[in-house]
Amino acid sequence: SQQGEEDPQALSIQEGENATMNCSYKTSINNLQWYRQNSGRGLVHLILIRSNEREKHSGRLRVTLDTSKKSSSLLITASRAADTASYFCATEAAGNKLTFGGGTRVLVKP
Amino acid sequence: EPEVTQTPSHQVTQMGQEVILRCVPISNHLYFYWYRQILGQKVEFLVSFYNNEISEKSEIFDDQFSVERPDGSNFTLKIRSTKLEDSAMYFCASSVGEGGYTFGSGTRLTVV
């Protein structure tokens, strides 16, 4: 798989449920970031976790990072219809450029 | 909260024409980037710019593309002789360094 691959590719849940998506990558990184993109719109930065961190929280978001497995997960708790979007992981290595995964499309049904 | 501003939001151009996509990065940021996203595909890195020169570019960023910071505030991406496959959303981003990215809302380029 390529650097920054998410699974599942699509996720459909009921409002109030939790949504979990995973990201795998291949090379060493300085940090891993998660972004949200509403249909046809810009990228909104959600959270960044550094390579020496294992877990981070921001509001209803929880991110984990396992550098030994080269994987990360994003958990959105108590989902809302407004959380409907595509979620992308992006890894940052030396040079500051981001390498994005293919994204997970999340549909939260009211 | 500071924003990265991109103009226009949508541009339609004839194949073979040149387009210039404009971006105003956050004023105290030092690194500037262009990314693109073809519909339904991944966001792809095009180029990074630091200290008034290109610091890294991808294979996509060939001689058809160029970037410029003409006046200390704007950051532009020029695409010469556009092709149908250049149709995509183009995102500008800026950062202070590692981790501090801010993306613009994008310019949707449609080549017809």
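Our structure's up above, just so we're on the same page.
About the thresholds
The numbering scheme is per chain: residues are counted from 1 as the chain's sequence reads. Whichever chain is written first is A, and whichever ligand is written first is 1; the rest continue in order. Reporting in this predicted model follows two pLDDT cut-offs: at least 70 for local features of residues, and 80 or more for side-chain atom pairs to be given and counted; totals over whole chains, interfaces and linings ignore these cut-offs and use all residues. Hydrogens and water are ignored here; the side-chain numbers use all heavy atoms of the structure. Here a strand is any run of E in DSSP of at least two residues, a helix any run of H or I of at least four, and the numbering for each starts at the N terminus. Each radius of gyration reported is based on C-alpha atoms, and the globular scaling rule is 2.2 Å times the count of residues to the power 0.38. Partly exposed residues are those whose accessible area sits between 20% and 50% of the maximum for their type, while under 20% is buried and over 50% is exposed, using a 1.4 Å probe and protein chains only. By definition, disulfides here are pairs of cysteine sulfur atoms that lie within 2.5 Å. Residue contacts follow a heavy-atom distance rule, with two residues in contact if any of their heavy atoms lie within 4.5 Å. Two parts placed together each lose some accessible area under a 1.4 Å probe, and adding up what both lose gives the buried area. Salt bridges are defined as contacts in which a side-chain nitrogen from Lys or Arg sits within 4 Å of a carboxyl oxygen from Asp or Glu. At least two bridges found by DSSP between two strands is the condition for calling them paired. Every angle, taken between N-to-C directions, lies between 0 and 180 degrees, and every axis is a line fitted to C-alpha atoms, over only the stretch in contact when it is a helix.

Caption draft 1: Structural detail: the overall build of chain B. Helix and strand content of chain B: zero helices and 11 strands. For 112 residues, the compact-globule formula gives about 13 Å, and the C-alpha radius of gyration of chain B, at 13 Å, lands near that figure. Seen through its principal axes, chain B has C-alpha atoms that stretch 35 × 25 × 25 Å. Within chain B, the fraction of its 112 residues that count as buried is 46%.

Caption draft 2: Geometry of the state of the cysteines. Residues and elements named next belong to chain A. Tallied over the entire structure, the rule returns two disulfides over all chains. The partner cysteine of cysteine 23 in its disulfide is cysteine 89, sulfur to sulfur 2.0 Å. The disulfide joining cysteine 23 to cysteine 89 has a torsion of about 65° about its S-S bond and is therefore right-handed. Note that cysteine 23 is positioned in strand β3 (residues 19–24) and cysteine 89 in strand β9 (residues 85–92), a separation of 66 residues in sequence. Exposure remark for cysteine 89: the relative accessible area of 0% places this residue in the buried category.

Caption draft 3: Fine view of the interface of chain B and chain A. With 18 residues of chain B in contact, the opposing surface of chain A contributes 24 residues. Here chain B meets chain A over a buried area of about 1600 Å², counting both sides, of which 51% is carbon and sulfur. Three residues stand out in chain B for area buried against chain A, namely Lys42(B), Glu98(B) and Tyr101(B), and they jointly supply 37% of the buried area on that side. Summed over the shared surface of chain B and chain A, the result is one salt bridge. Linking Lys97(A) and Glu56(B) is a salt bridge whose minimum nitrogen-to-oxygen distance equals 3.1 Å.

Caption draft 4: Layout of the pattern of salt bridges. All names here are of chain A. This structure, assessed with the given rule, holds five salt bridges over all chains. With its nearest N and O atoms 4.0 Å apart, the salt bridge here joins lysine 56 to glutamate 53. Residue lysine 56 is classed as partly exposed on the basis of its relative accessible area, which comes to 28%. Under the relative-accessibility criterion, glutamate 53 is labelled partly exposed at 25%.

Caption draft 5: Structural detail: unusual backbone geometry. Residues Asp7(A) and Pro8(A) are joined by a peptide bond in cis, for which omega reads 0°. For Pro8(A), the position within the fold is in the loop between β1 (5–7) and β2 (10–14). The omega torsion of the bond from Thr7(B) to Pro8(B) falls at -10°, within 30 degrees of zero and hence cis. When you line up the elements, Pro8(B) lands in the loop between β1 (5–7) and β2 (10–13). Positive phi, close to 55°, is recorded for Asn51(B), a residue that is not glycine. Mapped onto the elements, Asn51(B) comes out in the loop between β5 (43–50) and β6 (53–57). Judged by its relative accessible area of 60%, Asn51(B) is exposed.

Caption draft 6: Structural view of the sheet that holds strand β8 (residues 75–79) of chain B. Residue and element names in this part refer to chain B. Ordered by their spatial adjacency, four strands build an open sheet running β1-β3-β8-β7, and the pairing between neighbours is antiparallel. Among the strands making up the open sheet, the edge pair consists of β1 and β7 (65–68). Ignoring strand direction, the axes of neighbouring strands in this sheet form an average angle of 20°. With five bridges connecting them, strand β3 (residues 19–24) and β8 associate as antiparallel partners. Bridge pairing in β8 places valine 19 opposite isoleucine 79.

Treat this as a map of the structure, not an account of what it does.
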